[in-house]
Amino acid sequence: MSLDLSDVTQFVEANIGKFHQKRLQSLMKLRLKEILRRKNPYLFKAKYILIPHDLVKVLLDAYLSSQEESLFGEFLEQLAIFVCKKVYGGEKSSTEGIDLEFTRDGIKYFVTIKSGPNWGNSGQITKMVEQFKKAQKIYRTNNPGAVSFCVNGCCYGKELSPDKGDYFKYAGQEFWEFISGNPNLYIDIIEPLGHQAKERNEEFDQEYARIITNFTRQFTDEFCEGGRIDWVRLLRFNSERVRKSE
């Protein structure tokens with residue numbers, strides 16, 4: 001069946017708030033030392049960052065960017081499954097490593113969904129291929145002679161060589177058309193994604209400002225001397241070997 005775009009709009013408006021809520025909750029749970037342990041102090045020294053506020057802001061923004069990419073990727077995966085279910089009866093897969101499975105024109109598709117095309121290293125891609133092969137093996141055992149294909153779907157970007165041998169990789173327009181039959185869906189979904197964005201971001205920005213102020217004060221107290229960043233103290237916190245007690 002063809003996709004009714006009003007269904008997509010209703011789904012987005014009903015669920016996009018969860019992304020904003022998780023994004024805000026992630027910010028509120030943050031602790032300065034948690035971020036400091038995860039980031040590279042040598043990099044920030046090399047970038048000649050001198051002001052505590054500037055260092056805290058760079059650290060926080062880098063952390064949040066990574067978090068938001070992950071959280072929004074989860075939302076887009078849910079949207080893709082919803083769309084495919086409406087058009088082809090697709091379902092969230094219970095098979096390890098597979099996000100979506102559906103049948104179209106007599107062919108079974110196993111789909112792993114990622115945000116963008118540059119998502120993994122060779123080890124992660126090898127693991128994905130193994131999971132694809134396992135899913136196909138189980139399916140063919142239960143359905144002798146059946147035809148199946150595996151797809152790595154990416155919600156944005158481009159893939160110039162989709163045929164990877166063991167699987168196909170579709171990105172951006174090609175992916176959204178693959179799961180919906182609509183070549184314009186990748187454009188159609190952009191407008192409803194802005195539902196309540198202004199109101200949600202105002203709430204987020206207020207909490208962000210509070211966190212920046214508190215983190216800057218804490219960083220200055222613990223990792224500065226005379227208003228200057230004490231890089232030795234910061235490095236010791238980040239990298240010094242923890243000796244076991246006798």
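All residue numbers here refer to positions counted from 1 along the written sequence of the relevant chain. Residue-level local features of this predicted model are given only where pLDDT is at least 70; pairs of side-chain atoms are given and counted only at 80 or more, and the full residue set underlies all totals for whole chains, interfaces and linings. With hydrogens and water set aside, each side-chain value is computed from the structure's full complement of heavy atoms.

Draft legend 1. Main features of the nonpolar core. Membership of the largest hydrophobic core comes to 31 residues, with the highest contact counts inside it found for Leu79, Val111, Phe175, Trp176, Phe178 and Ile179. Only DSSP runs of H or I covering at least 4 residues are called helices, and only runs of E covering at least 2 are called strands; the numbering of each starts at the N terminus. Secondary-structure elements contributing two or more residues to this core are helix 1 (5–29), helix 4 (52–88), strand 2 (100–104), strand 3 (107–114) and helix 6 (173–180). Looking at this core element by element, the count peaks at 10 residues for helix 4. Should any heavy atoms of two residues lie within 4.5 Å, those residues are considered in contact. In this structure Val111 touches Ile98, Asp99, Leu100, Phe102, Val151, Gly153, Phe175 and Phe178, once residues within four positions along its chain are discounted. Residues belong to one nonpolar core when they are buried, are Ala, Val, Leu, Ile, Met, Phe, Trp, Tyr or Cys, and are joined through side-chain atoms within 4.5 Å. Buried, partly exposed and exposed residues are distinguished by accessible area as a fraction of the type maximum, computed with a 1.4 Å probe on protein chains only: under 20%, between the cut-offs, and over 50%, respectively.

Draft legend 2. Spotlight on unusual backbone geometry. With phi around 60 degrees, Tyr48 is a residue other than glycine that occupies positive phi space. With respect to the helices and strands, the residue Tyr48 is situated in the loop between helix 3 (41–46) and helix 4. Looking at Tyr48, the relative accessible area reads 62%, which means it is exposed. Of note in this structure, Asp105 is not a glycine but carries a positive phi near 55 degrees. For Asp105, the position within the fold is in the loop between strand 2 and strand 3. On the basis of relative accessible area, Asp105 is assigned to the exposed category, the value being 74%.

Draft legend 3. View of the sheet that holds strand 3. Any two strands with at least two DSSP bridges between them are considered paired. Pairing is mixed in the open sheet, where five strands are placed in the order 1-2-3-4-5. Each edge of the open sheet is held by one strand with a lone partner, namely strand 1 (91–92) and strand 5 (168–171). In this structure, strand 3 lies alongside strand 4 (residues 147–154), joined through eight bridges in parallel fashion. Bridging across to strand 4, Thr112 finds its partner in Asn152. Note on geometry: axes are C-alpha line fits, over the in-contact stretch for helices, and angles between N-to-C directions span 0 to 180 degrees. The strands touched by helix 4 are strand 1, strand 2 and strand 3; relative to strand 2, the strand with the most contacts, the crossing angle is about 25 degrees. With respect to the sheet, helix 5 (residues 122–142) is in contact with strand 3 and strand 4, its orientation differing from that of strand 4 by roughly 150 degrees.

Draft legend 4. The pattern of salt bridges, seen in detail. The working definition used for a salt bridge is a side-chain nitrogen of Lys or Arg within 4 Å of a carboxyl oxygen of Asp or Glu. Counted under the stated rule, the structure contains 15 salt bridges. We note a salt bridge from Lys22 to Glu74, for which the minimum N-O separation is 3.8 Å. Of this pair, Lys22 sits in helix 1 while Glu74 is found in helix 4, placing the two residues 52 residues apart along the sequence. Lys22 gets classed as partly exposed once you look at its relative accessible area, which sits at 39%. Of the residues examined, Glu74 reaches a relative accessible area of 36% and is grouped as partly exposed. Residue Arg23 is joined to Glu68 by a salt bridge in which the shortest nitrogen-to-oxygen separation is 2.8 Å.

No statement about biological role is implied by the geometric values presented.
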